[in-house]
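Residues per chain, in single letters:
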Amino acid sequence: MSFALLAPIGLTALAALALPLLIHLVRRIELRTTVFAALRWISERIRPRRRLRFERPWLLLLRLALLALLALLLARPVIDEPTVAKPAWVLVAPGTDLGAARAAVSITGAEWRWLAPGFPAIETPAPSGALPIASLLREIDGDLPRDAQLAVVVPEQVAGLDGERPRLSRAIEWHVVPGRMSAAPALPERETVEWSVRYAPSAESRVAYLRAAIAALNARGMGHYKLDAQRDNVPLAATVRELVWLGSAPSQAVTAWIEAGGTALVDSAPVDTTLVDTRPRAPGAPIWRDADGNVLAGVQALGHGRLVTLAAALSPDSFPRVLDADFPQHLLELLQGSPAAPALASADALRPSTTPSGTEHSARLASTKPLDPWLALLIAVLILVERIVATRSPERR
């Protein structure tokens, strides 16, 4: 146990100790001269000796002690408590070579657990299946004490990502050893993705831009797509999942199809003539904006499905973005949603970053005991005693 000051500059207030000394000296100098007749016969050559003497020394000591304690309080004294052994955890991701994990971690007395829901003991069989590794790291970071040590051992290939690197409130030991986690089984991919297009007679020319987008996606190797473009009076097949409706509002049959779980893209945004700005607007939540922040497409839920509405008709005159090189990619995301986050990546992609929250400073404060409450209580007692002594009449000599 040792004594320390968090704000040593507060000790400069000790200069105020000179104030009560000066006050008591001044009161000593201010003496009244009393004429005494017998003293007139004493020779002036013999003068009484004067000594430096303070009036009411106990009151002076109380005031000096009070000022010293106030200066000490400003310096924020603390006592460092004896350090105790910090709890330590080692989390091992399934798929990791346990022998390599034990050789990589040098923490003694640590508790070894699987990086899995519930954090089971390492002696139990390794959990299987898809595990939310990134989410589990955030969970254990919030559950462990602030001063606990944490080491994580992961294989070279890690699954359970959620599209964002974990940000933790503590620094952890990150060890990568040989191994590979098993990712969630991928959904069977359709060999050919067919987009159905239904158009009004006045919108037949717009289909050409969809055909160009399909050709661009196929040329880039982003899948194999084909287009089923027909008039709006042709019913949809039972296997249709994505629909592009051009030139008119969706019919009741199409609306029912969307509510059953389909996704439709329409390019006929309604115009509200009651507004001063009568430019076409995309209803629903914004899903696509241009560089200036203007909404190019909005999405809204209809039952179990999605209705995506463009802000204008799908033609270069009203929707210039149709000629951009990235329009096919945006069209793909509008119909099928944003691409899913990768499920399997290298361990470096999951390495957590530490949030700069002063963890070392917090740990330092957690091991110290402030003396401010006790000093404040002692100062209050001294003020009371000083007032009692100061109000008493001095002894007459």
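Relevant structure appears above.
Treat the numbers as computed from the prediction; the structure is a model and nothing was measured. (Residues numbered from 1 in each chain as written. Predicted model: local features only at pLDDT ≥ 70, side-chain atom pairs only at ≥ 80, totals over all residues. Heavy atoms only, no water.)

> Looking at this model, I keep getting lost on the pairing of strand S11 (residues 263–266). Mind explaining?
Burial of S11 is two-sided: the residues Thr 263 and Leu 265 facing one way and the residues Ala 264 and Val 266 facing the other way are all buried. Taken together, the four bridges between strand S10 (residues 242–246) and S11 define a ladder with parallel strand orientation. Bridge pairing links Leu 243 to Ala 264 in S11. Tracing the backbone out of S10, into helix H6 (residues 252–259) and back to the parallel element S11 gives a crossover that is right-handed. Across four bridges, the pairing between S11 and strand S14 (residues 305–310) is parallel. The residue bridging Val 266 from the neighbouring strand is Thr 309, located in S14. (Buried < 20%, exposed > 50% of the residue type's maximum accessible area, 1.4 Å probe, protein only. Helix = DSSP H or I, 4+ residues; strand = E, 2+ residues; numbered from the N terminus. Pairing = 2+ DSSP bridges. Right-handed = clockwise from strand over helix to strand, strands pointing away.)

> Honestly, the packing of helix H5 (residues 207–219) against helix H7 (residues 327–336) in this entry has me stumped. Any pointers?
The relative placement of two packed helices is expressed as an angle between their axes plus a distance between the axes. Between H5 and H7, whose axes approach to 9 Å, the crossing angle comes to 95°. Of the possible angle classes, the one that applies to H5 and H7 is roughly perpendicular. Every residue of H7 that contacts H5 at Leu 210, Ala 213, Ala 216 and Leu 217 is listed here: Phe 327, Pro 328, Gln 329, Leu 331 and Leu 332. When its residues are assigned to classes, the contact of H5 with H7 shows eight nonpolar, one polar and no charged. (Axes fitted to C-alpha atoms, helices over the stretch in contact; angles between N-to-C directions. Parallel < 35°, antiparallel > 145°, perpendicular 65-115°, else oblique. Contact = heavy atoms within 4.5 Å. Nonpolar A, V, L, I, M, F, W, Y, C, P; charged D, E, K, R; others polar.)

> Is there a simple way to explain the sheet that holds strand S8 (residues 193–199) in this structure?
By way of backbone hydrogen bonds, the strands of a sheet pair with one another, either parallel or antiparallel. The seven strands are arranged S9-S8-S10-S11-S14-S13-S12 in an open sheet whose pairing can be described as mixed. The strands lining the two open edges of the sheet, one partner per strand, are strand S9 (225–231) and strand S12 (285–289). Across the sheet, the mean angle separating the axes of adjacent strands is 25° when strand polarity is ignored. One ladder, built from four bridges, connects S12 with strand S13 (residues 295–302); its direction is antiparallel. Each residue of the ladder has a partner; that of Arg 289, found in S13, is Val 295.

> Help me out: how do you make sense of the nonpolar core in this one?
Membership of the largest hydrophobic core comes to 40 residues, with the highest contact counts inside it found for Val 90, Trp 112, Leu 115, Leu 150, Val 152, Trp 174 and Leu 350. Every element with two or more residues in this core is listed here: strand S3 (88–92), strand S4 (111–114), helix H4 (133–143), strand S5 (149–159), strand S7 (173–180) and helix H8 (347–350). The leading source of residues in this core is S5, at seven residues. (Core = buried A, V, L, I, M, F, W, Y, C linked by side-chain atoms within 4.5 Å.)

> I would appreciate a short explanation of the pattern of salt bridges in the present structure.
Opposite charge on two side chains makes pairing possible when the charged atoms of those side chains draw close. Counted according to the given criterion, the structure contains nine salt bridges. For Arg 113, the salt bridge is made with Glu 111, and the minimal N-O distance between the two is 2.3 Å. Between Glu 194 and Lys 226 there is a salt bridge, with the nearest N and O atoms lying 3.4 Å from each other. Here Glu 194, found in strand S8, pairs with Lys 226, found in strand S9; they are 32 residues apart in sequence, far enough to count as distant. Overall, Glu 194 belongs to the partly exposed group, its relative accessible area being 28%. Using a relative accessible area of 42% as the deciding quantity, one classes Lys 226 as partly exposed. Among the charged side chains, a network of salt bridges with common partners joins Arg 63, Glu 386 and Arg 387. (Salt bridge = Lys/Arg side-chain N within 4 Å of Asp/Glu carboxyl O.)

> Mind showing me how you'd approach the environment of Ala 159 here?
Note that Ala 159 resides in strand S5. Sequence separation between Ala 159 and Arg 180 is 21 residues; the distance between their C-alpha atoms is 8.4 Å.

> Just to check I follow, could you spell out the environment of Ala 171 for this structure?
With respect to the element layout, Ala 171 can be found in the loop between strand S6 (167–168) and S7. Under the relative-accessibility criterion, Ala 171 is labelled exposed at 62%. As for Ala 171 and Asp 141, which are separated by 30 residues in sequence, their C-alpha atoms are 9.9 Å apart.

> Please explain the packing of aromatic side chains as it appears in this structure.
Between two aromatic rings, the relevant description is the distance of the centres plus the angle of the planes. The full count for this structure, using the stated rule, is three aromatic pairs. Aromatic side chains Trp 195 and Tyr 225 sit 5.3 Å apart centroid to centroid with 50° between the ring planes, which places their arrangement in the tilted category. Placement of Trp 195 in strand S8 and of Tyr 225 in strand S9 is noted, with a sequence separation of 30 residues between them. Residues Trp 195 and Tyr 225 agree in their burial class; the two are buried. Between Trp 288 and Phe 319 the ring centres are 5.8 Å apart and the planes differ by 65°, which places this aromatic pair in the edge-to-face class. Placement of Trp 288 in strand S12 and of Phe 319 in the loop between S14 and H7 is noted, with a sequence separation of 31 residues between them. The same class applies to Trp 288 as to Phe 319, namely buried. In this structure an aromatic cluster arises from ring pairing among Trp 288, Phe 319 and Phe 327. (Phe/Tyr/Trp six-rings, centres within 6.5 Å; stacked < 30°, edge-to-face > 60°.)

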